[in-house]
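# Commentary on secondary and tertiary structure
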Amino acid sequence: MSFTTESNPSVFANPYLAAADRANEVPAVVSKIKRLSVDDQLALLWYVYTSMGSDVTAAAPGAARLQLAEGLMTQVKQMSFSEQLAFMRDLINNRSTPETRSYGVLSANTKLAFWYQLAEWMRAGIVIPMPSDYISSPEAQKVLIDLKALDKGQQLTALRKLVVGMGVDPLSA
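Residues numbered from 1 in each chain as written. Predicted model: local features only at pLDDT ≥ 70, side-chain atom pairs only at ≥ 80, totals over all residues. Heavy atoms only, no water.

## Here we look at the pattern of salt bridges
Using the criterion set out here, one finds 4 salt bridges in the structure. The closest approach of N and O atoms between Arg-89 and Asp-39, which form a salt bridge, is 2.9 Å. Residue Arg-89 is found in helix H5 (residues 81–93), and its partner Asp-39 is found in helix H3 (residues 38–59); the two are separated by 50 residues along the sequence. (Salt bridge = Lys/Arg side-chain N within 4 Å of Asp/Glu carboxyl O. Helix = DSSP H or I, 4+ residues; strand = E, 2+ residues; numbered from the N terminus.)

The structure is reproduced here in structure tokens:
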């Protein structure tokens, strides 16, 4: 994978920007991420979760309620790698399937924890791992720089906006 890691993801943050300018950064970054290909979005999520996973779990107090997603998590573990990849792509594409509707009813914090668990399982080889030779697009590289430029709170807000918008909420569909 061609994303690079840095010990301080906020190293590019500009503390001198006006608060109003900084407030517009998160929606702009989220919009850029959503314009990436599905596979680049998955790669970016994997990178973010593996580089700042402990920050995500600390920010998601509902993570302890991940048992609410236990049935869906079990289903994902029982899928073949190709089915797991299709499921993750369906989440990003908001395709209506029984699994994406199950995801759609989860709380924002549970969705954050759900993706964290997927990343952990990817690392462990339980869920389809990130291909070691995956090369992200130049656009994805630019978006990653923009994401790293946000402070940690903004990064978590951007991540929350991404995962909350995935799947299909059967109550509003």
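## Quick word on the packing of aromatic side chains
This structure, assessed with the given rule, holds 3 aromatic pairs. Seen from their ring centres, Tyr-49 and Tyr-116 are 6.4 Å apart, and the 45° between their planes marks the pair as tilted. Placement of the pair is Tyr-49 in helix H3 and Tyr-116 in helix H7 (residues 108–124), with a sequence separation of 67 residues. Its relative accessible area of 23% is what places Tyr-116 among the partly exposed residues. (Phe/Tyr/Trp six-rings, centres within 6.5 Å; stacked < 30°, edge-to-face > 60°. Buried < 20%, exposed > 50% of the residue type's maximum accessible area, 1.4 Å probe, protein only.)

## Looking at the packing of H5 against H7
Interhelical geometry of H5 versus H7 gives an angle of 150° and a closest axis separation of 13 Å. The pairing of H5 with H7 is recorded here as roughly antiparallel in orientation. Regarding H5 and H7, the two cross each other, and that crossing is left-handed. Contacts from Phe-87, Met-88 and Leu-91 in H5 reach Phe-114, Trp-115 and Leu-118 in H7. Class assignment of the residues belonging to the contact of H5 with H7 gives a composition of 6 nonpolar, no polar and no charged. (Axes fitted to C-alpha atoms, helices over the stretch in contact; angles between N-to-C directions. Parallel < 35°, antiparallel > 145°, perpendicular 65-115°, else oblique. Left-handed = near helix turned anticlockwise from the far one by under 90°. Contact = heavy atoms within 4.5 Å. Nonpolar A, V, L, I, M, F, W, Y, C, P; charged D, E, K, R; others polar.)

## Structural notes on H5
The first and last C-alpha atoms of H5 sit 18 Å apart over 13 residues, in line with the 18 Å expected at 1.5 Å per residue. For H5, every residue scored as buried is listed here: Gln-84, Phe-87, Met-88, Asp-90, Leu-91 and Ile-92. Backbone geometry just after H5 places Asn-94 at a positive phi near 55°. (Expected span 1.5 Å × (residues − 1).)

## A closer look at the confidence of the model for the chain
The predicted model of the chain has a mean per-residue pLDDT of 83, with 79% of residues at 70 or higher. Per-element confidence in the chain ranges from a low mean pLDDT of 53 for helix H1 (residues 19–23) to a high of 97 for H5. This stretch, residues 4–13, has a pLDDT under 50; its non-local contacts, to residues over four places away or in other chains, come to 23 contacts. (pLDDT = per-residue confidence, 0-100.)

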